[in-house]
Amino acid sequence: MLHAVTGPEITVATPEDRGSVVTSLVAAFTKDPVLRHLFPDEATYARYAAVFFGHLFDKRVHKETIWTIGHGASVAIWEPPASGSAPPDDDPADVLHRVRAYDEAVHAALPSAPFWYLGVLGTHPDHAGRRWGHAVMRVGLDRAAADGLPAILETSNPDNVEVYRRAGWEVVHAFAEPLPTWVMRNRRT
């Protein structure tokens, strides 16, 4: 007897998924260059990263552009066209300064025409290697393609550049300050 092979169930995040999404992203980004630049103190990383990811989640959950597997084990947080973002404003001044400086550098490198923005893509380390990140990313890519718009992301992790290239992205811009960052566009959108 043959069984149909299906992928993992991808769902739109709900407010009830907030805790598991934030926990997964804090764990997934522990060694990420941007998060370590923003929150370099080991003693406060988890707390500040949780506030940061919680803010991003809260801004987008009602737009229904956060896709998950396992209700947060793997997460893609997409920003639809014509929306801006602002960093959380409840962090100490030095942290807030780093967040704003990075945010300004990224926004200066983004296209002026409408696009779908993959702001966060992460999988909890306990679930790594299953290609769930690719699966949740693909939902946003499909939305961008259906809208006839490009999909854009940025990464400051040099290892991710090649991972994203293999997934159909190409570097369209790079900047060095406040830390080396590559802006990429998906070739299929």
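Rules and cut-offs
Residues numbered from 1 in each chain as written. Predicted model: local features only at pLDDT ≥ 70, side-chain atom pairs only at ≥ 80, totals over all residues. Heavy atoms only, no water. Pairing = 2+ DSSP bridges. Helix = DSSP H or I, 4+ residues; strand = E, 2+ residues; numbered from the N terminus. Axes fitted to C-alpha atoms, helices over the stretch in contact; angles between N-to-C directions. Contact = heavy atoms within 4.5 Å. Polar contact = N/O pair within 3.5 Å; in protein donor to acceptor, adjacent residues only side chain to side chain. pLDDT = per-residue confidence, 0-100. Parallel < 35°, antiparallel > 145°, perpendicular 65-115°, else oblique. Left-handed = near helix turned anticlockwise from the far one by under 90°. Phe/Tyr/Trp six-rings, centres within 6.5 Å; stacked < 30°, edge-to-face > 60°. Buried < 20%, exposed > 50% of the residue type's maximum accessible area, 1.4 Å probe, protein only. Lys NZ or Arg CZ within 6 Å of the ring centre and 35° of its normal.

**Description of the sheet that holds strand β7 (residues 181-186)**
- Across the sheet, seven strands lie side by side as β1-β2-β3-β4-β5-β7-β6; this open sheet has mixed pairing. Sheet topology places β1 (10-12) and β6 (169-175) at the edges, where each strand pairs with a single neighbour. In this sheet, neighbouring strand axes are inclined to one another by 25 degrees on average, regardless of whether the strands run parallel or antiparallel.
- Two elements, strand β5 (residues 151-155) and β7, share four bridges in a ladder whose sense is antiparallel. Following the sheet pairing, L153 is matched in β7 by M184.
- Taken strand by strand, helix α1 (residues 18-28) contacts β2 (66-69), β3 (74-79) and β4 (116-123), and its axis lies near 80 degrees from that of β4.
- Together, β4, β5, β6 and β7 form the strand contacts of helix α6 (residues 158-166), whose direction differs from that of β7 by roughly 10 degrees.

**Regarding the side chain of E79**
- On the secondary structure map, E79 appears in strand β3.
- One polar contact links E79 to K63, side chain to side chain, over a distance of 2.7 Å.

**Topic: the confidence of the model for the chain**
- Averaged over the chain, the pLDDT score is 88; the fraction of residues at 70 or greater is 89%.
- Looking at the elements of the chain, mean pLDDT is at its lowest for helix α4 (residues 93-109), recorded as 75, and at its highest for α1, recorded as 97.
- In the predicted structure, residues 1-5 sits below a pLDDT of 50 and forms zero contacts with residues beyond four places in sequence or in another chain.
- Scored below 50 in pLDDT, residues 84-90 makes 20 contacts in the model with residues more than four places away or belonging to other chains.

**Examining unusual backbone geometry**
- The amide bond that connects E177 to the next residue, P178, takes the cis arrangement and shows omega of 10 degrees.
- We note that E64 has phi near 60 degrees; this positive angle belongs to a residue other than glycine.

**Notes on the packing of α1 against helix α3 (residues 42-60)**
- Two elements in contact, α1 and α3, have axes separated by 9 Å at closest approach and are oriented at 130 degrees. As summarised for this structure, α1 and α3 are arranged oblique, according to the angle between their axes. Crossing of α1 over α3 shows right-handed handedness. Residues R18, V21, V22, L25 and V26 of α1 form the contact with α3, whose own contacting residues are Y45, A46, A49, A50, F53, G54, H55, F57 and D58.

**So, the packing of aromatic side chains**
- Tallied over the full model, the rule gives seven aromatic pairs.
- With centroids separated by 6.4 Å and ring planes inclined at 80 degrees, the aromatic side chains of F115 and Y117 adopt a geometry described as edge-to-face. Each member of the pair F115 and Y117 is classed as buried.
- Taking the ring centre of W132 as reference, the NZ or CZ of R130 above it sits at 4.9 Å.

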